[in-house]
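Structural overview for review
Given next are the chains, with one letter for each unit.
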Amino acid sequence: MEALKARFGENCSTAQVIREQHGRDESAFTTVPPPAAVVFAECTQDVQDAVKLCAQHRVPVIPFGVGSSLEGHLLAVQGGISIDLTRMNKVLAVNPEDLTVTVQPGVTRKQLNEDIKSTGLFFPIDPGADATLGGMSATRASGTNAVRYGTMRENVLALEVVTASGEVIRTGTRAKKSSAGYDLTRLMVGSEGTLGVLTEITLRIYPLPEAISAAICSFPSIADAVHTVIETIQLGVPIARVELIDHHTVRMVNAYAKLGLREEPMLLMEFHGSPAGVKEQAETVQELASNHGGQSFEWATTPEERTRLWTARHNAYFAAIQSRPGCRAISTDTCVPISRLADCLLESVDEVNASGLPYFLVGHVGDGNFHFGYLIDPDNAQEFATAETLNQQLVARALRLGGTCSGEHGIGLHKMDFLVREAGDGAVAMMRTIKHALDPHNIMNPGKIFSW
């Protein structure tokens, strides 16, 4: 602490309120003590110096963005120092002719799109929260646009990383492809701060579509909505977004945002391309939806209308939390092959309905990814146990159907056992070998992804 104070002065805080702010996220873990101190980094050199001091004293290092993670990624389960990267928030270089941009890790996705909108380009990855691009890279985030534009895995080209020894390395280049050695960029993307601290990120960006059209459509059942999505994807319709929200969630959003939507299962869709292409895509999907009882189509082409329609999806989490004051949401995150989506989702709906636990359901169903949010009283041990049982049953079902325990949230604290079940002992042992080699003293966000 003396060394940190000497190096960082007022940028190293031990104030209780600051430590508590950096010792919690949006997960249901509420009893983990906060970090011992918070260092506010303003440049790569600050991160490097902080990590070197922590390495010298064998003190854990926990990178921090905006705290929107859902699986306990940033909790100080073994004590240590939180390195807050939000002041490293500069867009360093925009290369519109190459469709790339380089940013510091504290830049948020909304900030980036605001900064580059004059170029006619945009960054499409949208996990819902206005997360930092460092955190999104570290957790391999995706979100509503992934069905067309992919996830952070496909859109991070290069990184600057401070390793556990305090060394600064660069991985990748601005080139679109490379066959040069191990793919260290992909190794770091999704490592959740356990292998290093990301201090610079080079990303793909995309031309703003010539035409964008959004629509909502209500269905008599979740099954009808899901089968519409499956047929849309299997036909190869290049839909940009397709999101499912169930009738519980529509009701919560109506109460929260005063929207007046039909309280039935709903798909929210968005089409990108030329005016003729968008029209053709929309007509195809509308015909498919009609075959499954879809009704009350509402189309929007202006930015203001699209924003109003997408409000329902982006407010879902906050609307659900407000629907039961004082509750915490245990959020699930599985992903299955699109052909098995209906089986996995419908069985899971029956299961949670039978439990009696209040919940909300949203899904990036175009790529087979969906989320239940179990709304529990954090002081009610029985409700917590019920939610955990439902989560375990859901993950087991997804794995049985060829899916994964996490499509986008990451492993953190909550899914360590699930990772072993999915990947197997051999693969997890290989991950541990990599961790031991790159972080021999286990100071980089210890206790996450797998046990030491």
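**Regarding the overall build of the protein**
Along the backbone of the protein there are 17 helices and 19 strands. For the protein, the C-alpha radius of gyration of 22 Å lies close to 22 Å, the compact-globule estimate for 452 residues. Taking the principal axes of its C-alpha atoms as reference, the protein extends roughly 65 × 55 × 45 Å. Here the protein holds 452 residues, and the buried ones make up 55% of them. For the protein, contacts bridging at least 24 residues in sequence account for 71% of all contacts bridging at least 6. By element, 52% of the accessible surface of the protein is carried by carbon and sulfur atoms, the whole surface being about 18400 Å². The centroid of the 38 positive side-chain charges in the protein is displaced by 4 Å from the centroid of its 51 negative side-chain charges.

**Quick word on the sheet that holds strand 4 (residues 81-84)**
Taken in spatial order, the four strands of this open sheet run 1-2-4-3, and their pairing is mixed. Each edge of the open sheet carries a strand with a single partner, namely strand 1 (12-13) and strand 3 (61-64). Summarising the sheet, strand 3 and strand 4 pair through four bridges and their orientation is parallel. Its bridge partner being in strand 4, valine 61 is matched across the sheet by isoleucine 81. Against the sheet, helix 3 (residues 44-57) touches strand 2 (37-40), strand 3 and strand 4, its axis set at about 175° to strand 4.

**So, the nonpolar core**
In terms of nonpolar packing, the biggest core is built from 43 residues, with Leu267, Met269, Leu345, Phe372 and Tyr374 touching the most fellow members. If you tally residues by element for this core, the top one is helix 14 (residues 341-355), at six residues. Not counting residues within four places of it along the chain, the set of residues in contact with phenylalanine 372 comprises Ile330, Ser331, Thr332, Leu345, Ser348, Val349, Val352, Tyr359, Phe360, Leu361 and Leu394.

**Considerations on helix 4 (residues 109-116)**
All of the buried residues along helix 4 are Arg109, Leu112 and Ile116. One face of helix 4 carries all of its buried residues, which in axial projection span an arc of 60°. Those residues of helix 4 that are buried lie in contact with strand 5 (91-95), strand 6 (100-103), strand 7 (121-122), helix 5 (133-138) and strand 10 (196-204).

**Thoughts on the pairing of strand 14 (residues 266-273)**
Along strand 14, eight of the eight residues are buried, which leaves the element largely enclosed by surrounding structure. Residues Met266, Leu268, Glu270 and His272 of strand 14 are buried on one face, and the alternating residues Leu267, Met269, Phe271 and Gly273, pointing to the opposite face, are buried as well. As defined by bridge partners, strand 12 (residues 211-218) adjoins strand 14 across eight bridges and the pair is classed as antiparallel. Its bridge partner being in strand 14, cysteine 217 is matched across the sheet by leucine 267. In this structure, strand 13 (residues 241-245) lies alongside strand 14, joined through five bridges in antiparallel fashion. Bridge assignment links isoleucine 245 to a residue of strand 14, and that residue is methionine 266.

**Digging into the environment of leucine 157**
For leucine 157, the location among the structural elements is in strand 8 (residues 156-163). Along the primary structure leucine 157 and glutamate 42 are separated by 115 residues, whereas in three dimensions their C-alpha atoms are 23 Å apart. Those residues in contact with leucine 157 that lie beyond four places of it in its chain are Thr100, Thr171, Gly172, Thr173, Arg174, Ala175, Thr185, Arg186, Thr202, Leu203 and Arg204.

**A few points about unusual backbone geometry**
Located in the positive-phi region is arginine 140, a residue other than glycine, with phi close to 55°. Relative to the elements of secondary structure, arginine 140 occurs in the loop between helix 5 and helix 6 (146-149). Judged by its relative accessible area of 38%, arginine 140 is partly exposed. Phi is positive for asparagine 445, which is not a glycine, with a value near 45°. Tracing the backbone shows asparagine 445 in the segment after helix 17 (425-438).

**Considering the packing of helix 14 against helix 15 (residues 381-400)**
The N-to-C vectors of helix 14 and helix 15 enclose an angle of 165°; their axes lie 10 Å apart at closest approach. Considered as vectors, helix 14 and helix 15 are oriented roughly antiparallel to each other. In this structure, helix 14 meets helix 15 at a crossing whose hand is right-handed. Contact residues: Asp343, Cys344, Glu347, Ser348, Glu351, Val352 and Ser355 in helix 14; Thr386, Leu390, Gln393, Leu394, Arg397, Ala398 and Arg400 in helix 15. Within the contact of helix 14 with helix 15, the residues separate by chemical class into five nonpolar, four polar and five charged.

Calculation rules
- Residues numbered from 1 in each chain as written.
- Predicted model: local features only at pLDDT ≥ 70, side-chain atom pairs only at ≥ 80, totals over all residues.
- Heavy atoms only, no water.
- Helix = DSSP H or I, 4+ residues; strand = E, 2+ residues; numbered from the N terminus.
- Rg over C-alpha atoms; globule rule 2.2 N^0.38 Å.
- Buried < 20%, exposed > 50% of the residue type's maximum accessible area, 1.4 Å probe, protein only.
- Contact = heavy atoms within 4.5 Å.
- Areas by Shrake-Rupley, 256 points an atom, 1.4 Å probe, with all protein chains shown as cover.
- Lys, Arg positive; Asp, Glu negative; His and termini not counted.
- Charge placed at Lys NZ, Arg CZ, Asp CG, Glu CD.
- Pairing = 2+ DSSP bridges.
- Axes fitted to C-alpha atoms, helices over the stretch in contact; angles between N-to-C directions.
- Core = buried A, V, L, I, M, F, W, Y, C linked by side-chain atoms within 4.5 Å.
- Arc of directions from axis to C-beta.
- Parallel < 35°, antiparallel > 145°, perpendicular 65-115°, else oblique.
- Left-handed = near helix turned anticlockwise from the far one by under 90°.
- Nonpolar A, V, L, I, M, F, W, Y, C, P; charged D, E, K, R; others polar.

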